[in-house]
Amino acid sequence: MKNKITFLLLLLFYCSTIFAQQLKVSGTVSDQNGIPLPGASVIVKNSTIGVQTDFDGKFTLENISKSATLVISYLGYFTIEQNVNGQSEINITLKEDAQTLDEVVVVGYGKMNVKDLTSSITTIKAEEIAKTPTGTAMQALQGKVPGLQIVSSGGPGDSPTIRVRGIGSFPGAGSSAPLYVVDGMFFDNIDFLNPSDITSISVLKDASASAIYGVKAANGVVLIETKSGGYNKVTEVVYDGYSGYQVAQNVLKMANAEQFTTMALESGSAADISFIANAMQRYGRSRINPNVPDVNTDWYKEILRPATIQNHSIGVTGGSDKASYSIGLNYFEQEGILDMKNQYERFNLRSKLDFKATDWLTIGGNMILSNATKFNEESAAWNQAYFAVPIIPIYDDANTDAWPINYSSAQSIGYRSGQNPFPALTYNNNRDKTRKILANFYMEFDLIPKKLSFKTTYNHSFASLDARSVDLPYYITNGFQRSISAVTKRSETFSNQIWDNVLTYNDKFGNHNLTVMLGSSFRDDAWNMLTARGEDIPSIDQEVAWYISQAGTINIASVSDGGSRQYGLSYFGRVSYNFNDKYLLYGTLRADGSSKYQEKWGYFPTIGAGWVLSEENFMKENNFTDYLKLRASWGQLGNSNVPASDGANTTSIVDTAIDDVLVSGTVASSTFSSLKWELTEETNIGITSRFFNNKLTLDADYFIRDTKEAVIPVGFPLIPGSVNKSVGSIRNAGFELALSWNNQISDNLSYNVSTNISTLKNEVLDLYGQEYIDGGSAEFRQRSYVGEPLLAFYGREVIGVYQNEAQIQADPVAVANGLVPGDLIYKDQNNDDLIDDSDRVILGSYLPSFMYGLNIGINYKNFEFSTSMMGQTGNKILNRKRGELIWTSDGNLDADLAINRWHGEGTSNSYPSSAGLRKGWNQKMSDYFVEDGSFFRIQNIQIAYNFKQGSQFVGTKIPDIRLSLTAERPFTFFKYNGFNPEVANGIDTQTYPIPAVYTLGVNIKI
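Report on the accompanying structure. (Residues numbered from 1 in each chain as written. Predicted model: local features only at pLDDT ≥ 70, side-chain atom pairs only at ≥ 80, totals over all residues. Heavy atoms only, no water.)

1. Points about the side chain of asparagine 219
With respect to the secondary-structure elements, asparagine 219 resides in the loop between α3 (207-210) and β16 (221-226). On the basis of relative accessible area, asparagine 219 is assigned to the buried category, the value being 7%. (Helix = DSSP H or I, 4+ residues; strand = E, 2+ residues; numbered from the N terminus. Buried < 20%, exposed > 50% of the residue type's maximum accessible area, 1.4 Å probe, protein only.)

Here it is as structure tokens:
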């Protein structure tokens, strides 16, 4: 018994000793200025125990050994180790790492510090991307990157049009979109990516930065890094989501029933006047105005609807001393504001793993799976809603022959077409199913520690598209029906493989810093397509019957099978050198080989230099300049977005005069083109600087980008037709400026303001001796002249409207053409008292000459407020909807035209009369149709509140929670007579409206 008691006493003493050695440690992590660092990692060395600091930089660790060592790390600061030594409270001060004081950005096949760059690169971080509720990440960059034009698209799941520093290729000859590089893999768009999965987006704007990617990079490069874990990082689970609704903004006002009736009566058209009488007879007279039909349909109001949008993401990141991991799930859903089966739904899964297999070998992989379903809009509905007359209803009970729904038809009151947009909305079903897989695997060998490494990476992107378009039968009136049901199927697969091998050498000797990179890249791009159409589908109301095999007839002519496969092999190298962080040199060379063109190889060099003036002795005494660098770069790169060579041998019969005798003959010609990649040559001069203790940053660039050997159509002598040749030259030049001011007023209050501007001059330099190249259509001409913008609008210049008969009689042009008051006055450019094609001039370009953005952020305690604004000027829009009167005069028109038309002397000096609208004289291409596309938009407003980790809520500790209210595109101001002034090619026929989006968001970190 005595021995047992002794044993228990010894055991209790031992346990008490053990527990006495365990303690609770708390403290704060802050920077050298005493500002807390939220999210800093505090880990017990050689263990998995650790936490991240809360919003106030505080941390708490329990049951820690008195002799433990803490490892504290934070991005941009030196990692330190702190011995506990029995202390229960430890406050840590981290020192900024001089090597990471400037932001680290992604460049081709590597990373660099901003202070070492000689190129023009802009990087947007995840925090900015997350502020925009969108399914496409590039939309979040609108107004934030100088030189980057983003043209929004309103359709659910639609990607915006992206242009970096203008357009360097003749439209139709190739894409102007940049190259997207996602974790090393090449893409032509990133609509499959969840914006919440992105760590950063870097826009490589000049040739010096982009040329390392060769012939795919002529239009700029957008580098995307997806989220990763971190070594020695505590596991973090994050939910990020929002839900809200979308509403159409700036809805175009159309002429109402009274305005439309007035214009019809003024037109003098007996047919149009009779249609009004027919409408009153069929639908009755208005009680307010008995001279107007008792129908007043606002078609845009009827086809539009509020639509929902939601996004939900869950991510898990962390790591040990050997491995880091990141896993994420995402669901995104967006309805369209067009009232039909119009929506987009996407489910994503991603994973990324990095593992230190040995001290000299790191392996890793990354995979993204995306499964999206999109129901496309019936785009013709926008056009029909514009022209549908307001004097017919949606439904017509008197139309008893209509089937299956008694929709109305304008033909019932005499018009040539049915006009009602609802059959198009109801009896069409357009579905795309897209599945994408991005997978990559790498091995990195540390051959000489911290000096020489070799990395081999295999990337594979596979995508499949299953497109189905269903046309259901209906009958409204004889000329407004679809008698046969049909289904069209299209199946496409895309497979892109890239194998990169990169050897990198880093060394520092004395004041010399050198990085040399050599690499090779093999590409294999394959595409296959099969499409067919079946007609006369049984059981049309059942989706299970919407298959080609169920069709009564298969249209053999519609069956098409195609594919392509192209290979590429490239060798590249880069040298980066700096002396004493003062003088910088940078150069790359890439040799690209491709099976696409007859000329198999192209060689593309670049060189850049920088001078850090702030490191010079004569700048040391400067009290307000913290950093000042002058940089310049020059480079060449190819553009393989132009099509491969093609053509045919042709024989044409021509008539020509020989000695005043008409002679017929045969001309044989070859229209085979011999194309190669276009050559882009760019010079960039810039400044990077920081002032007033790094509160003010300034980046400025001037660039000249010439596309040489541009592919353009070249006409044949004597015979009609043309062939594409690599003989043109196009220039884009401009100035870009980015300014930002950041200030921490106190521990509780900080703010930041940033702005950016950019100019662009697009100019044709050479057309291979041709006077011009036509584009657009014969009725709405666009033309490219040397010295003018590419495909500028081309037509007559309106200088007024004839007001009275005396003005008519005083003008020989008006008399000769039988004009009357209310007709347009065109400027006689050559003063020959004639108005003809020789009086046409350049009316403007669809490319903006000036873009700008402004961003403001304020943080007060747990509150955050941010807003962004953007706009552009100098671009023109061709209002083709108004121009449709050339082909039909029995449709509606917008309210601005109805109100401001000429209807008597002095009533308008811009718009013709109702009768004049129907005359060929007033329908000539002119600046009556070409309108100002300038706009200013409040892009984003967000208010957020942060609940600190450990805060009490109903007696329970809660994790980090961020609640936000966001308004995206709530206000847009412009003069253009359309839904919105964002029209990608400048020609507005049936553009999908861009909605305003209002959301409530939640972010939870555990």
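Next comes the rest of the description.
2. Considerations on the sheet that holds strand β13 (residues 179-182)
The 5 strands are arranged β10-β15-β16-β13-β14 in an open sheet whose pairing can be described as mixed. Of all strands in the sheet, those with a lone pairing partner are β10 (121-125) and β14 (185-187), marking the two edges. Across this sheet, the average inter-strand angle for adjacent strands is 20°, counted without regard to direction. Summarising the sheet, β13 and β16 pair through 4 bridges and their orientation is parallel. In the sheet register, valine 182 faces β16, and the bridge partner there is isoleucine 224. (Pairing = 2+ DSSP bridges. Axes fitted to C-alpha atoms, helices over the stretch in contact; angles between N-to-C directions.)

3. Here's the deal with the pattern of salt bridges
For side chains bearing opposite charge, pairing can occur when the charged atoms are close. Taken as a whole and assessed by the stated rule, the structure comprises 42 salt bridges. Across the pair arginine 565 and aspartate 524 runs a salt bridge whose closest N-O atoms are separated by 2.5 Å. One end of the pair, arginine 565, is in strand β29 (residues 560-579); the other, aspartate 524, is in strand β27 (residues 512-535), and 41 residues separate them in sequence. The class of aspartate 524 is buried, set by a relative accessible area of 5%. The closest approach of N and O atoms between arginine 840 and aspartate 837, which form a salt bridge, is 3.9 Å. On the basis of relative accessible area, aspartate 837 is assigned to the partly exposed category, the value being 47%. (Salt bridge = Lys/Arg side-chain N within 4 Å of Asp/Glu carboxyl O.)

4. Some details on the pairing of β29
Here β27 runs beside β29; their pairing, made up of 20 bridges, is antiparallel. Residue pairing across strands places serine 520 opposite tyrosine 571, the latter belonging to β29. Sheet topology note: the β29/strand β30 (residues 583-594) ladder contains 12 bridges and is antiparallel. Its bridge partner being in β30, glycine 573 is matched across the sheet by leucine 589.

5. Side note on the packing of aromatic side chains
Under the counting rule described, the total for this entry stands at 39 aromatic pairs. Here a set of aromatic residues connected by ring pairs shows up, and it is made of Trp299, Tyr395, Tyr407, Phe422, Tyr427, Tyr474 and Phe480. Just above the ring of tyrosine 772 sits the side chain of arginine 783; from NZ or CZ to the centre is 3.6 Å. Here the basic side chain of arginine 796 rests over the ring of tryptophan 921, its NZ or CZ set 5.8 Å away from the ring centre. (Phe/Tyr/Trp six-rings, centres within 6.5 Å; stacked < 30°, edge-to-face > 60°. Lys NZ or Arg CZ within 6 Å of the ring centre and 35° of its normal.)

6. A look at the sheet that holds strand β42 (residues 792-795)
Taking strand neighbours across the sheet as the criterion, the 4 strands line up as β40-β41-β42-β45 in an open arrangement whose pairing is antiparallel. Unpaired on one side and paired on the other, β40 (772-776) and β45 (841-844) mark the two borders of the sheet. For this sheet, the mean inter-axis angle between neighbouring strands, taken without regard to orientation, is 45°.

7. Brief notes about helix α5 (residues 270-283)
Under the 1.5 Å per step criterion, the end-to-end length of α5 is 20 Å for 14 residues, consistent within 8% with the ideal 20 Å. Inspection of α5 places Asp272, Phe275, Ile276, Ala279, Met280 and Tyr283 among the buried residues, and these make up the whole buried set. Projection of α5 onto a plane perpendicular to its axis shows the buried side chains occupying an angular sector of 135°, all on one side. Summarising the geometry of α5, the exposed residues directed more than 90 degrees from the buried face are Ala270 and Gln281. (Expected span 1.5 Å × (residues − 1). Arc of directions from axis to C-beta.)

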